[in-house]
Amino acid sequence: MKRHTGLDRNITRKWRPATQAIRGGLVRSEFGETSEALFLTSGYSYERAEDAAERFAGEQEGMIYSRMQSPTVMMLEEKLALIEGAETSRTMSTGMAAMTSVLLSALSAGDHFVIGRVAFGSCRWLSDSLLPRFGITATVVDGADVQQWKDAIQPNTKLFFFETPTNPTLELVDIEAVCNIAKEAGILTVVDNAFCTPVIQKPMDFGVDVVAYSATKMMDGQGRVLAGSVAGSNKFVNETLLPFIRNTGPNLSPFNAWVVMKGLETLELRSIRQSENAQILAEFLEKRIPRVSYPGLKSHPQHALAKKQMKTGGTVLALFLGKDRQQALSLLNNLELIDISNNLGDTRSLMTHPCSTTHSGVAEKERLAMGITEDMLRFSVGLEDVEDLKEDLDQALRKIGL
Ligand SMILES: *Cc1c(COP(=O)(O)O)cnc(C)c1O
């Protein structure tokens, strides 16, 4: 009988994602450990001086320096590629390091790209403030309006960048329709899939070229470490992204890689259960407050699209209480179990006021165009017993007269 380690792709590709997340990518040391080893080393030694020369020349397999390769990080990257269904993947120190690396490696001065309006605040800072300094221009479009993507194309357009569902309004982008437009024009598509994880949404099944993550969110999933990842073709990752990473050094530490790897073992379980909790709470809240934006609700204007491209409605809700900032902050202040926190994708339920926190850096006019109003709260649903969450929401809502 043959024992499988997790590196033989002929075998690991056949496994289902929940198995890949636990078994994929394992390289056992001579001790035969069951859980992946944590290799804390910055360098590697060579038997012979000639080995070093050959490895630097790329003529011999093996590690040379942890900015180039690391055994623990490599195991995580293999797992991530497998569960994404991508040819390969690379990790970075944060989600923003991943987004920045993709954009700076794929674009050059004189290039143009198109970005969905509602995006993570720092992603919009890249498009609005950083990249223009290097001669890279962006057109901002309403991501939900497919025609706007088409109309934004210029002769020098190289890339489409979007989130779906969007943070924090939970609007969707029709992945397949936008990718079809990009393909026709030879444009690279990049999706920030942090809100979904590959358990809930597989953008590559709908034609996306590059899938980027804040692995800080559902992948670690327990609020411990920052991490980012990028999955794509061998050609994009090895030829475009890798030279940038290896020479600029936004690497993920082996320790954080190990923590994320432990998180991945329960990614499917957590994603499904937290989505179930989110669906129950969305239905509960919809009866109590003026509006809830959640792709799993029939009232979501893109519910049919959600059913097409997402397995569940996800784990995040946008709540609109109907009045002003004071009302929204009062609800937060009356919560007893759910934390006031701007993080998301944790086992703990977290709620934040995007207007005054995550999106406070966006100009008010643009914030309103994004649909981020003063009465809005973002609710990341955790893994607690849903009845306890419901009771906490109920008592806090009653205290503010809802
Ligand atoms: C959190 C987040 C990021 C940034 O990730 P970090 O790990 O915090 O750097 C990017 N995009 C989305 C959608 C996020 O939620």
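Up top you'll find the structure we're talking about.
Treat the numbers as computed from the prediction; the structure is a model and nothing was measured.

A. Just the pairing of strand β3 (residues 137-141), in detail. Across five bridges, strand β2 (residues 112-116) lies against β3 in parallel orientation. Residue pairing for β3: Phe113 is matched across the bridge by Ala138. Handedness of the crossover joining β2 and β3 through helix α6 (residues 121-133): right-handed.

B. Spatial organisation of helix α12 (residues 267-286). In this model, α12 (20 residues) spans 28 Å end to end at C-alpha, consistent with the 28 Å of a helix rising 1.5 Å per residue. Along α12, the residues that are buried comprise Leu267, Arg270, Ser271, Gln274, Ser275, Asn277, Ala278, Leu281, Ala282, Phe284 and Leu285.

C. Fine view of the pairing of strand β1 (residues 88-92). Burial analysis of β1 places five of its five residues in the buried class, which makes it a mostly covered element. When β1 meets strand β7 (residues 228-232), the two strands line up antiparallel, connected through five bridges. Each bridged residue has a counterpart across the sheet, and for Thr91 the counterpart in β7 is Ser229.

D. Quick peek at the side chain of Ser380. Within the secondary structure layout, Ser380 lies in strand β12 (residues 376-380). Here the side chain of Ser380 touches Gly345 through a polar contact of 2.9 Å, landing on its backbone nitrogen. Once residues lying within four places of it in the same chain are set aside, the contact partners of Ser380 are Thr315, Val316, Asn343, Leu344, Gly345, Asp346, Arg348, Ser349 and Leu350.

E. Looking closely at the sheet that holds strand β4 (residues 157-163). What the seven strands build is an open sheet, ordered β1-β7-β6-β5-β4-β2-β3; its pairing is mixed. Both edges of this open sheet fall to β1 and β3, since each of them pairs with a single strand only. Across the sheet, the mean angle separating the axes of adjacent strands is 20° when strand polarity is ignored. Here strand β5 (residues 188-192) runs beside strand β6 (residues 210-214); their pairing, made up of three bridges, is parallel. Considered in β6, the bridge of Val190 is made with Val210. The strands touched by α6 are β2, β3, β4 and β5; relative to β2, the strand with the most contacts, the crossing angle is about 150°. Seen against the sheet, helix α8 (residues 175-184) touches β4 and β5 and runs at an angle of roughly 175° to β4.

F. The sheet that holds strand β8 (residues 291-293), seen in detail. Pairing is mixed across the open sheet formed by five strands, whose spatial order is β8-β9-β12-β11-β10. Either end of the sheet is taken by a strand with one partner, and the two such strands are β8 and β10 (339-340). Inspection of the sheet shows strand β9 (residues 316-320) paired to β12 by five bridges, in the antiparallel sense. Each residue of the ladder has a partner; that of Val316, found in β12, is Ser380. Sheet strands in contact with α12 are β8, β9 and β12, and its direction is about 10° off that of β9.

Parameters at a glance
Residues numbered from 1 in each chain as written. Predicted model: local features only at pLDDT ≥ 70, side-chain atom pairs only at ≥ 80, totals over all residues. Heavy atoms only, no water. Pairing = 2+ DSSP bridges. Helix = DSSP H or I, 4+ residues; strand = E, 2+ residues; numbered from the N terminus. Right-handed = clockwise from strand over helix to strand, strands pointing away. Expected span 1.5 Å × (residues − 1). Buried < 20%, exposed > 50% of the residue type's maximum accessible area, 1.4 Å probe, protein only. Polar contact = N/O pair within 3.5 Å; in protein donor to acceptor, adjacent residues only side chain to side chain. Contact = heavy atoms within 4.5 Å. Axes fitted to C-alpha atoms, helices over the stretch in contact; angles between N-to-C directions.

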